[in-house]
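# Results of the structural survey
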Amino acid sequence: MKKIITFLFALLFLISFVSATDVAYVVINPFSVNSDFTSVIDELELTYDVILSSNAATTDFSNYNMILLNNQDFLNSEEIPINEFPALMVNGKNMEDWGWVDPISKVKQSVPLHSTIVDSSHPITEGVSGNDIQIYTSSSPDLFYLGENHIFDGLQVIVSKIDNPNDAVIAIAEAGTTLTKLGNDPTQVN
């Protein structure tokens, strides 16, 4: 798990999303802080503030260079400005709310989710090899991904499920991207 988190943070640096050391780490409650995340933040010598999601509406996220989200179901997701600031969303529960998929896809399995690299030239995949990569497991059988039939146009699939290169396990939206899906309002990613 820690290797994957390090990999995801390296992604942010490689594509120049983060230019300083301030991370707004948004969680539902203080007990849900993930030590894997905080350990990697510390290893990278970054500073972070834990922001309770209940305080998101009154938090000035412009004071941070990046938002990091736990994989939790944020009941006030509209108050977390994911599309307004650089963000790392390790979150399978609110992607619909932020206009990235309609609806989120999920597979129920107790075995690890395997994936493959779709874009080997992207900095996210630098130093990662192999066409069968175990991404994550879960104590819950629900594993989330962005399904081909539900993903918004404009997202760049970097790593996909091994059985479908159009199902995103890791996807990005560069600043200035407009995400679209027929029947849905467009999402502007700033």
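See above for the structure.
All of these numbers come straight from a predicted model, not from anything done at the bench.

## Some details on the pattern of salt bridges
- Under the counting rule described, the total for this entry stands at 2 salt bridges.
- D163 is paired through a salt bridge with K161; the nearest N and O atoms lie 3.8 Å apart.
- Residue D163 is classed as exposed on the basis of its relative accessible area of 59%.
- Among the salt bridges present, the one from D167 reaches K161, with a minimum N-O distance of 3.9 Å. We note that D167, like K161, is buried.
- Through salt bridges with shared partners, a single network forms among K161, D163 and D167.

## Some details on a negative patch on the surface
- A cluster of acidic side chains, namely D73, E78, E79, E96, D97 and D102, defines a negative patch on the protein surface.
- One can find D102 in the loop between strand 4 (87-89) and strand 5 (105-108).
- With a relative accessible area of 32%, D102 lands in the partly exposed category.

Rules used in this analysis
- Residues numbered from 1 in each chain as written.
- Predicted model: local features only at pLDDT ≥ 70, side-chain atom pairs only at ≥ 80, totals over all residues.
- Heavy atoms only, no water.
- Salt bridge = Lys/Arg side-chain N within 4 Å of Asp/Glu carboxyl O.
- Buried < 20%, exposed > 50% of the residue type's maximum accessible area, 1.4 Å probe, protein only.
- Patch = residues over 30% accessible without salt bridge, like charges linked within 9 Å, V, L, I, M, F, W, Y side chains within 5 Å.
- Areas by Shrake-Rupley, 256 points an atom, 1.4 Å probe, with all protein chains shown as cover.
- Lys, Arg positive; Asp, Glu negative; His and termini not counted.
- Charge placed at Lys NZ, Arg CZ, Asp CG, Glu CD.
- Helix = DSSP H or I, 4+ residues; strand = E, 2+ residues; numbered from the N terminus.

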